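As a plain string of letters, each chain reads:
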Amino acid sequence: MSVLVYVENAEGKFKKSIFEVVSYAAAIAEQLKTELIAISIGNVNQADLSSLGKYGATKVLNVSNDKLKSFVNQAYASIIAEAAQKEGSTLVVFSNTFSAKGLAPRVAVKLKAGLADSAVELPEMDNDKFLIKKTAFSGKAFAIVELVSPIKVITLNPNSYQLKESGSTGKVEDFTPEFKESDFRTMITEIVRASDKIALPDAELVVSAGRGMKGPENWGMIEELASVLGAATACSKPVSDAGWRPHEEHVGQTGIAVSPNLYIAIGISGAIQHLAGVSSSKTIVVINKDPEAPFFKVADYGIVGDAFEVIPKLIEAIKAYKSNS
Amino acid sequence: MKVLVCVSNVPDTTTKVTFSGDNTQFNTAGVQYILNPYDEIALARAIELTEGGKGTVTIIHVGEISSEPTIRKALAIGADDAVRVNSAPRDAYFVAAQIADYAKDKGFEMILTGRESIDYNGSQLASMIGEFMDIPSISIIKKLDIDGNQASLVREIEGGKEMLKVSFPFVASCAEGVAEPKIPNMRGIMSARTKPLEIIEASSVEKLLDFKSYSIPAPRGSVTMLGVDETEKLVDLLHTKSKVI
């Protein structure tokens, strides 16, 4: 028996969400009184691999092969399922990233495992039951799912579990999987990363703006606010529909759901569909000139005022805070 | 080219979500059901790619008779025919197994889904269908073009995008950017009534999980209102009280 955690890398490096999922899987392994094994696919250096031990992985399987340099979900799924079988894993855990959405369900089918996606807490494992809380109805609710299969798969939402340093260094072992040529029918031709920006799904701080900004030409101050804070930028649906901002910034029920530590909403009234996507943010600040904007009802802090007046002041206040700290 | 589009029937986006039976069931009283918004995007692209005699679009839905208006809407938008697997959609694994079972010998070049349904948000279906059928699956695409005997796609990744090519057949889940949803016209609505809708029974699938209960996020404490000139105080509160910066 063991718990297996897949540690996804981005250009050879692990992001914070990966340390979160290792910490999370380590806590489950401890409760189950078993070992946590991590599996990495791609080119990650030995030091980074063994550093996963700090978060509780006792063993790190390293699959490094030129053919696997870029992500091919079908092949990666075969490898993870093969490792799970060889290691006798009864639970496989992923961070709920874009790639994991193409990977975890394939692994679940291979292992005939019940899959709980978008988990937000540790499972409850009393009396041989395995209950897990996940987001549902696009953030409007939570569901408790019971996994009844012998092997189980979980994907953990980023920013929902605290990092926990427990162990020391992990033992890195090379793992040589069996290849199936038919697993390589997709080919990545190019990857484009906006290196100067913080990715919205991973962001701990988010500055989001809506129609109250009047037009795309006014986004300069939103970007400046995000930049002084070290935050990602986001927007409401009308803004992305109008083409003022790209679709991947659209937060809400039909866009993406985020759960940052801080969500600052500027000139967004707070339609139910938008609120669904931000309800698991830890702290919400709303700036809107309409005191009746529904967003104030779910905010922690509110300022009734014109964005064009408030934002420059807020930027100055943050700069002053940053220079003093 | 034969395209299969998987559609689900979901509560309207304005629905206030409540539960009944001691929080074990979604309360459907007064809820308006719609075609899942992401499935509309997949359907719109399937129609664009097959227009002008270049192919056909078949709709598949796993659900009970109550969801037939959603299937008819998909036909009104422009699909050629539809199949309903007559069973409640228990979970993604069950639905994927039904769709794979239907599609396995039909020769579809492409199977499209929405990126997720807006009720359970699993984002599981496309990958599971791909695995059941042992064909490639690409999740959360933003662009889909046909290029001879293969497709070019753009997939979303954290902070960027990935361009890829895949040979037929494959499954993909579609997000915003793939196409603009189409609104059915009167001719479409009229013809939808007579387009073929086949009803098939579900095959049996092992049960791996159970939805036990639901809850609503806890309401926040009351809002602290600040003045336009109190941005310094706001920054201080975010640092000392909320501890988020």
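Look a little higher up for the structure.
Since we're looking at a predicted model, the values are computed, not measured.

Caption draft 1: Focus on the overall build of chain A. Counting its regular elements, chain A contains eight helices and 15 strands. In summary, chain A has a C-alpha radius of gyration of 21 Å against a globular reference of 20 Å for 325 residues, a match within 12%. The dimensions of chain A, computed from C-alpha atoms along their principal axes, are 60 × 45 × 40 Å. A burial count over chain A gives 62% of its 325 residues as buried. At a minimum sequence separation of 6, the contacts of chain A that also span at least 24 residues come to 66%.

Caption draft 2: Local environment of the nonpolar core. The biggest cluster of nonpolar side chains holds 96 residues, and the ones touching the most others in it are I39, I80 and F94 of chain A together with L43, L144 and L153 of chain B. When near neighbours in sequence (up to four residues on either side) are disregarded, L144 of chain B contacts R45, L49, M110, L112, A151, S152, L153, F170 and V178 of chain B.

Caption draft 3: Layout of the interface of chain A and chain B. Residue-level contacts link 91 residues of chain A with 80 residues of chain B. Broken down residue by residue, the surface that chain A buries against chain B is led by F98, F137 and Y301 of chain A, which jointly contribute 12%. Linking chain A to chain B there are eight salt bridges. Its salt-bridge partner being D134 of chain B, residue K180 of chain A comes within 3.9 Å of it at the nearest N-O pair. Inspection of the region where chain A meets chain B yields 48 residue pairs in polar contact (both at pLDDT 80 or more). The dominant element in the side of chain A that touches chain B, judged by the number of residues it contributes, is helix α4 (residues 98-110) of chain A, at nine residues.

Caption draft 4: How the structure looks around empty space enclosed by the protein. Counted according to the given criterion, the structure contains eight cavities of 30 Å³ or more. Computed from the structure, the largest cavity encloses a volume of approximately 460 Å³. In terms of lining residues, the largest cavity is bounded by 25 residues, among which N96, K101, N157, A257 and V258 of chain A are the most central. Secondary-structure elements contributing two or more residues to the lining of the largest cavity are α4 and α7 (272-278) of chain A. Split into classes, the residues belonging to the lining of the largest cavity amount to seven nonpolar, 14 polar and four charged. Formed jointly, the lining of the largest cavity draws a minimum of three residues from each of two domains, domain 1 (2-183) and domain 2 (200-324) of chain A. Considered as a void within the structure, the second largest cavity measures approximately 100 Å³ in volume. The set of elements that each furnish at least two residues to the lining of the second largest cavity consists of α4 and β10 (186-193) of chain A together with β9 (137-147) and β11 (160-167) of chain B. A breakdown of the residues in the lining of the second largest cavity according to their chemical character gives six nonpolar, six polar and two charged.

Caption draft 5: Inspection of helix α1 (residues 37-50) of chain B at higher detail. Residues and elements named next belong to chain B. Relative to the 20 Å expected for 14 residues at 1.5 Å per residue, α1 spans 21 Å between its end C-alpha atoms, a close match to the ideal helical length. Burial runs high along α1: 13 of the 14 residues are buried. Positive backbone phi, approximately 70°, marks G52, located one or two places after α1.

Caption draft 6: Molecular detail of the pairing of strand β15 (residues 301-304) of chain A. The pairing of strand β14 (residues 283-288) of chain A with β15 of chain A spans four bridges and is parallel. The residue bridging V285 of chain A from the neighbouring strand is Y301 of chain A, located in β15 of chain A. In the sheet, β15 of chain A pairs with strand β15 (residues 224-226) of chain B via three bridges, with the strands oriented parallel. For I303 of chain A, the partnering residue across the bridge sits in β15 of chain B and is L226 of chain B.

Caption draft 7: Region of interest: the sheet that holds strand β11 (residues 205-209) of chain A. Strand order in the open sheet formed by six strands is β12(A)-β11(A)-β13(A)-β14(A)-β15(A)-β15(B), with parallel pairing between adjacent strands. The open sheet terminates on both sides in strands that have one partner only, identified here as β12 (232-235) of chain A together with β15 of chain B. Going across the sheet, the axis of each strand differs from the next one's by a mean of 20°, ignoring polarity. As defined by bridge partners, β11 of chain A adjoins strand β13 (residues 262-266) of chain A across five bridges and the pair is classed as parallel. Counted as the bridge partner of A209 of chain A is I266 of chain A from β13 of chain A. Most of the contacts of helix α5 (residues 220-229) of chain A go to β11 of chain A, to which it runs at about 170°, and overall it touches β11, β12 and β13 of chain A. On top of the sheet, helix α6 (residues 231-240) of chain B reaches β13, β14 and β15 of chain A together with β15 of chain B; it is set at about 170° to β15 of chain A, its chief contact.

Caption draft 8: Up close: unusual backbone geometry. With omega at -10°, the peptide bond leading from F168 of chain B into P169 of chain B counts as cis. A positive phi is found at K33 of chain A, a non-glycine position, where the angle reads about 55°. The residue K33 of chain A is located in the loop between α1 (16-31) and β2 (35-41) in this model. The backbone of S138 of chain A shows a phi angle near 50°, a positive value even though the residue is not glycine. Here S138 of chain A is to be found in the loop between β6 (131-136) and β7 (141-147). A residue is classified by how much of its surface remains accessible, and S138 of chain A, at 7% relative accessible area, is buried.

Criteria and thresholds
- Residues numbered from 1 in each chain as written.
- Chains lettered and ligands numbered in written order.
- Predicted model: local features only at pLDDT ≥ 70, side-chain atom pairs only at ≥ 80, totals over all residues.
- Heavy atoms only, no water.
- Helix = DSSP H or I, 4+ residues; strand = E, 2+ residues; numbered from the N terminus.
- Rg over C-alpha atoms; globule rule 2.2 N^0.38 Å.
- Buried < 20%, exposed > 50% of the residue type's maximum accessible area, 1.4 Å probe, protein only.
- Contact = heavy atoms within 4.5 Å.
- Core = buried A, V, L, I, M, F, W, Y, C linked by side-chain atoms within 4.5 Å.
- Buried area = accessible area lost by both parts, 1.4 Å probe.
- Salt bridge = Lys/Arg side-chain N within 4 Å of Asp/Glu carboxyl O.
- Polar contact = N/O pair within 3.5 Å; in protein donor to acceptor, adjacent residues only side chain to side chain.
- 1 Å grid on protein atoms, 1.4 Å probe; cavity = no way out; pocket = protein on both sides within 12 Å on 5 of 7 lines; lining within 4 Å.
- Points joined across faces, edges and corners; volume = space filled by probe spheres on them.
- Nonpolar A, V, L, I, M, F, W, Y, C, P; charged D, E, K, R; others polar.
- Domains from an automatic or database assignment.
- Expected span 1.5 Å × (residues − 1).
- Pairing = 2+ DSSP bridges.
- Axes fitted to C-alpha atoms, helices over the stretch in contact; angles between N-to-C directions.

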